Amino acid sequence: MKKLVFDVGASAIKYALMDNDAHIYEKGKEVTPHDHFEHFLTILQTIYEKYQNEIDGIALSLPGTIDSELGQIYAPGGLLYNENINLVNEMHRFTQLPIAIENDGKSAALAEVWKGHLKDCQNGIVIVVGSGLGGGIIKDGQLWKGEHLFAGEFSYIYQGEGTSFMENAWAVKGSTTALIMDVARRKNLEMSQLDGYRIFGLIEQLDQDACAALQTLAQNLAIGIYNLQCILDPQKILIGGGISQQPILIEKIQEELNKIYENIPFDIPHAYIENCCYYNDSNLIGALYRFLMMYPSE
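Residues numbered from 1 in each chain as written. Predicted model: local features only at pLDDT ≥ 70, side-chain atom pairs only at ≥ 80, totals over all residues. Heavy atoms only, no water.

So, on to the packing of helix α7 (residues 196-204) against helix α8 (residues 208-232). At a minimum axis separation of 8 Å, α7 and α8 run at an interaxial angle of 110°. Taken together, the axes of α7 and α8 lie roughly perpendicular to each other. Counted together, Ile199, Phe200, Leu202 and Ile203 of α7 and Ala210, Cys211 and Leu214 of α8 form the full contact between these two elements. Broken down by class, the residue content of the contact of α7 with α8 amounts to seven nonpolar, no polar and no charged. (Axes fitted to C-alpha atoms, helices over the stretch in contact; angles between N-to-C directions. Helix = DSSP H or I, 4+ residues; strand = E, 2+ residues; numbered from the N terminus. Parallel < 35°, antiparallel > 145°, perpendicular 65-115°, else oblique. Contact = heavy atoms within 4.5 Å. Nonpolar A, V, L, I, M, F, W, Y, C, P; charged D, E, K, R; others polar.)

The following block contains the structure:
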């Protein structure tokens, strides 16, 4: 039997029919609702009913502070209707199959531990660059969630002066949203007129504004990565998210890291960065791995 795996994001609910080795047999997606929880649950149920005779388990990756053992979502991330919801219990209203849920950034990290660039790595960090900054911390080969399930919530790191969160949060300075905002400001455009694809197209054309914005983004990411290396001293730091498919991003981050190290008068360990092995399928693979860890006999 196969598993039905969901990757719930701010704009789309992606889903896939997968086997226990993460082979994908079928994919689809629906628009993520933002009105109320019952609408969200109905979409999950409709997709489930399409595959219910082919599966023996369900796995989900979604934003929020999540206790996977209890199936509980505490802080909901961008999907506000999920606050203090036990999603597993709610889904058991329409199925009694075993269900596992995991935070999206932590799912991406689990995918790398299971089948990616952290497979043989005891200590590593995954930073997912998207609308914000998510990720996961791998310690002694295991996903480390911290005392309050908050480890790896990189969006909230302060990077600047003063106490204004919206001016100094790492997500405001080091995300894809930050890149779009910067290019829009430089070109006097609305953010809705831009996306990552268009910006990297401009970068390929050596557009001055887009290149300058990328340099700023890389610098802000490098500063945070440098600090994480000093705090956790991992073997590897991986960059994920759709933007990580652009080789120039990794190159620019490494350039900015090198500038930092060149100005330090001591010999200290350097951060080793590379892109994640998986891109759009990372959260699906990681959510499946969480399921298999929780239900090894399924």
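Attention shifts here to the side chain of aspartate 19. As for its placement among the helices and strands, aspartate 19 is situated in the loop between β2 (12-18) and β3 (24-31). Buried and unpaired, aspartate 19 has lysine 2 as its nearest opposite-charge partner, separated by 7.1 Å. Among the polar contacts listed, one links the side chain of aspartate 19 to the backbone nitrogen of aspartate 21, at a separation of 2.9 Å. Polar side-chain contacts of aspartate 19 include one of 2.8 Å to the side chain of tyrosine 25. Once you skip the residues sitting within four places of it in the chain, aspartate 19 turns out to touch Tyr25 and Leu288. (Buried < 20%, exposed > 50% of the residue type's maximum accessible area, 1.4 Å probe, protein only. Lys, Arg positive; Asp, Glu negative; His and termini not counted. Salt bridge = Lys/Arg side-chain N within 4 Å of Asp/Glu carboxyl O. Polar contact = N/O pair within 3.5 Å; in protein donor to acceptor, adjacent residues only side chain to side chain.)

Another point: the nonpolar core. Core analysis: the biggest nonpolar cluster contains 38 residues, and Ile127, Ile225, Ile253 and Leu257 have the highest contact counts within it. Contributions of two or more residues to this core are made by β9 (124-129), β10 (133-139), α6 (176-187), α7, α8, β12 (236-240) and α9 (247-262). Among the elements that take part in this core, α8 stands out by supplying ten residues, more than any other. In this structure, Val8, Phe40, Tyr48 and Ile85 belong to the second largest nonpolar core, which totals 30 residues. (Core = buried A, V, L, I, M, F, W, Y, C linked by side-chain atoms within 4.5 Å.)

Let us look at the sheet that holds strand β13 (residues 273-275). What the five strands build is an open sheet, ordered β11-β10-β9-β12-β13; its pairing is mixed. Both outer strands of the open sheet, β11 (142-144) and β13, are each paired with one neighbouring strand and no more. The average undirected angle you get between the axes of adjacent strands in this sheet is 30°. Relative to β11, β10 runs antiparallel, the two being bridged by three bridges. Bridge pairing links lysine 139 to glutamine 142 in β11. The strands touched by α9 within the sheet are β12 and β13, with β13 carrying the most contacts at an inclination of about 170°. (Pairing = 2+ DSSP bridges.)

Counted according to the given criterion, the structure contains zero disulfides. Not engaged in a disulfide, the cysteine cysteine 230 finds its nearest cysteine sulfur in cysteine 121; these two sulfurs lie 17 Å apart. There is no disulfide at cysteine 276, and the cysteine sulfur nearest it, in cysteine 277, is 8.5 Å away. For cysteine 276, a relative accessible area of 2% translates into the label buried. (Disulfide = S-S within 2.5 Å.)

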